[in-house]
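Residue-level listing of the chains:
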Amino acid sequence: MKFALKKYIYLLNDFTNLLLSKKREDEKSKVKKLLFALISVVLLLIISLFINVYLVTGA
């Protein structure tokens, strides 16, 4: 009976460790940084496109 109880306690412990893992926090931080970088690059490309179109058309 003690073995069965320990098994469930260990399973509960593993489950809570997965939920509260620091790796998930690190991954969320990386995702935010990558999203910011992606948005910055897209904005720079759009600005570059408008500048190039302006220079090519000679307006």
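What you are looking at is a predicted structure, and each value in this text was computed from that prediction instead of being measured.

What counts, and at which threshold
- Residues numbered from 1 in each chain as written.
- Predicted model: local features only at pLDDT ≥ 70, side-chain atom pairs only at ≥ 80, totals over all residues.
- Heavy atoms only, no water.
- Helix = DSSP H or I, 4+ residues; strand = E, 2+ residues; numbered from the N terminus.
- Buried < 20%, exposed > 50% of the residue type's maximum accessible area, 1.4 Å probe, protein only.
- Areas by Shrake-Rupley, 256 points an atom, 1.4 Å probe, with all protein chains shown as cover.
- Patch = residues over 30% accessible without salt bridge, like charges linked within 9 Å, V, L, I, M, F, W, Y side chains within 5 Å.
- Salt bridge = Lys/Arg side-chain N within 4 Å of Asp/Glu carboxyl O.
- UniProt positions renumbered as here; feature names shortened; annotations may be inferred.

K.L.:
In this structure, what is going on with the overall build of the protein? I would like to understand it.
P.N.:
For the protein, the count of helices and strands is 2 helices and 0 strands. A total of 59 residues make up the protein; the buried ones form 2% of that total. Working note: accessible area of the protein is about 6200 Å², and carbon and sulfur atoms make up 73% of it.

K.L.:
Just checking my understanding: could you explain a nonpolar patch on the surface for this structure?
P.N.:
A cluster of nonpolar residues, Leu35, Leu38, Ile39, Val42, Leu43, Ile46 and Phe50, forms a patch on the protein surface that exposes about 670 Å² of accessible area. In this fold, Leu38 is placed in helix α2 (residues 22-57).

K.L.:
Even after reading the chapter, I still don't get the UniProt feature "transmembrane region" (unreviewed entry) in the protein, so can you show me in this structure?
P.N.:
Cross-referencing UniProt, the feature "transmembrane region" (unreviewed entry) maps to residues 34-56 in the present numbering. Annotated as residues 34-56, this span is 100% helix and 0% strand, and its ends, taken at the C-alpha atoms, are 32 Å apart.

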